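So the chains spell out like this:
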Amino acid sequence: MQIVFATNNAHKLSEIRQILGHKIEVLSLSDIGCHDDIPETGTTLEANALQKARYIRDKYGYDCFADDTGLEVDALGGEPGIYSARYAGGEGHDSEANMQKLLQKLDGEDNRAARFRTVIALLQGNEQKLFEGIVNGTITREKSGAEGFGYDPIFMPDGYDQTFAELGMDIKNRISHRARATAQLAAYLLNA
């Protein structure tokens, strides 16, 4: 089975391919010759994931899935949410600036509860499905660890005493929000 993952993010692609294994061939946007800047104008993770999947389906004709992920911090009313990748503003995805902004906004805050939430939208044949993965945790007071990407050095999942960046990709890929949503996606695809 072959399906397009509407991303060129090498970290996400590697994570998804590792989770899905060899049973499903996952193509990236560059694999299908898509170098477009796909719009993400939705106000929810669900809307953004569907928007990306529909864009690829409509323009390239492939069955595909797309995800959107957000870090939701309780003390900040759910921020950064859909703006997680560009929280600090500016061009591109500056993880360092995003983490610094988040840590500054939480300075002196005792409630550091947060969750990572991933929504995957699948368009396959005439079917449209949504899968959601959530991992709860806390925002640490300083960065720790060198693996992973994004907010991984400041997010400690519940039940662990290390950040995602310290746990390593093998453990993260088993317990993460993306892993949970992808497990649902994989179960659906492999049993479809």
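Everything numeric here is computed off the predicted structure, so don't read it as measured data.

## So, the overall build of the protein chain
When you go through the protein chain residue by residue, the secondary structure sums to six helices and seven strands. For the protein chain, the N- to C-terminal ordering of α and β elements is β-α-β-α-β-β-α-β-β-β-α-α-α. By the compact-globule yardstick of 16 Å for 192 residues, the protein chain fits well, its C-alpha radius of gyration being 16 Å. With the C-alpha coordinates of the protein chain rotated into their principal frame, the extents come out at 50 × 30 × 25 Å. Sorting the 192 residues of the protein chain into buried and exposed places 46% on the buried side. Residue pairs in contact within the protein chain that sit at least 24 positions apart in sequence constitute 54% of those at least 6 positions apart. Surface accessibility of the protein chain: about 9300 Å² in total, with carbon and sulfur atoms responsible for 45%.

## Observations concerning the layout of surface pockets
As a volume, the largest pocket reaches approximately 990 Å³. Lining the largest pocket are 34 residues, with Asn9, Lys12, Glu40, Ala85 and His93 positioned closest to its centre. At the level of elements, helix 1 (10-20), strand 3 (64-73), helix 3 (95-105) and helix 6 (177-191) are the ones that each hand at least two residues to the lining of the largest pocket. In terms of residue count, strand 3 provides more of the lining of the largest pocket than any other element does, three residues in total.

## Quick word on the pattern of salt bridges
If you walk through the whole model with that rule in mind, you get 16 salt bridges. Close ionic contact of Arg117 with Glu46 constitutes a salt bridge, the shortest N to O distance being 3.1 Å. With a gap of 71 residues between them, Arg117 in strand 5 (residues 113-124) and Glu46 in helix 2 (residues 45-60) connect regions that are remote in the sequence. For Arg117, a relative accessible area of 14% puts it in the buried group. Overall, the relative accessible area of 25% leaves Glu46 in the partly exposed class. Measuring nitrogen to oxygen at the nearest pair gives 2.6 Å for the salt bridge that ties Arg117 to Glu132. Of the two residues, Arg117 is situated in strand 5 and Glu132 in strand 6 (residues 127-139); the sequence distance between them amounts to 15 residues. Put simply, Glu46, Glu72, Asp74, Arg115, Arg117 and Glu132 are held in one network by salt bridges that share partners.

## Observations concerning the side chain of Ser176
With respect to the element layout, Ser176 can be found in the loop between helix 5 (169-175) and helix 6. Among the polar contacts made by the side chain of Ser176, one reaches the main-chain amide nitrogen of Arg178 at a distance of 3.3 Å. With residues up to four places along the chain from it excluded, the contact list for Ser176 reads Val135 and Phe164.

## Focus on the packing of aromatic side chains
Counted under the stated rule, the structure contains five aromatic pairs. Their ring planes at 65° and their centres at 4.7 Å tell us that Phe116 and Phe155 sit as a pair that is edge-to-face. With Phe116 in strand 5 and Phe155 in strand 7 (residues 155-157), this pair connects stretches of sequence that are 39 residues apart. With relative accessibility at 0%, the residue Phe155 sits in the buried group.

## Describing the pairing of strand 1 (residues 2-5)
Sheet topology places strand 1 next to strand 2 (residues 25-27); three bridges connect them, and they run parallel. Bridge pairing in strand 2 places Gln2 opposite Glu25. Handedness of the strand 1-helix 1-strand 2 crossover: right-handed. With two bridges connecting them, strand 1 and strand 3 associate as parallel partners. Across the sheet, residue Val4 finds its bridge partner in strand 3, namely Cys64.

Rules used throughout
Residues numbered from 1 in each chain as written. Predicted model: local features only at pLDDT ≥ 70, side-chain atom pairs only at ≥ 80, totals over all residues. Heavy atoms only, no water. Helix = DSSP H or I, 4+ residues; strand = E, 2+ residues; numbered from the N terminus. Rg over C-alpha atoms; globule rule 2.2 N^0.38 Å. Buried < 20%, exposed > 50% of the residue type's maximum accessible area, 1.4 Å probe, protein only. Contact = heavy atoms within 4.5 Å. Areas by Shrake-Rupley, 256 points an atom, 1.4 Å probe, with all protein chains shown as cover. 1 Å grid on protein atoms, 1.4 Å probe; cavity = no way out; pocket = protein on both sides within 12 Å on 5 of 7 lines; lining within 4 Å. Points joined across faces, edges and corners; volume = space filled by probe spheres on them. Salt bridge = Lys/Arg side-chain N within 4 Å of Asp/Glu carboxyl O. Polar contact = N/O pair within 3.5 Å; in protein donor to acceptor, adjacent residues only side chain to side chain. Phe/Tyr/Trp six-rings, centres within 6.5 Å; stacked < 30°, edge-to-face > 60°. Pairing = 2+ DSSP bridges. Right-handed = clockwise from strand over helix to strand, strands pointing away.

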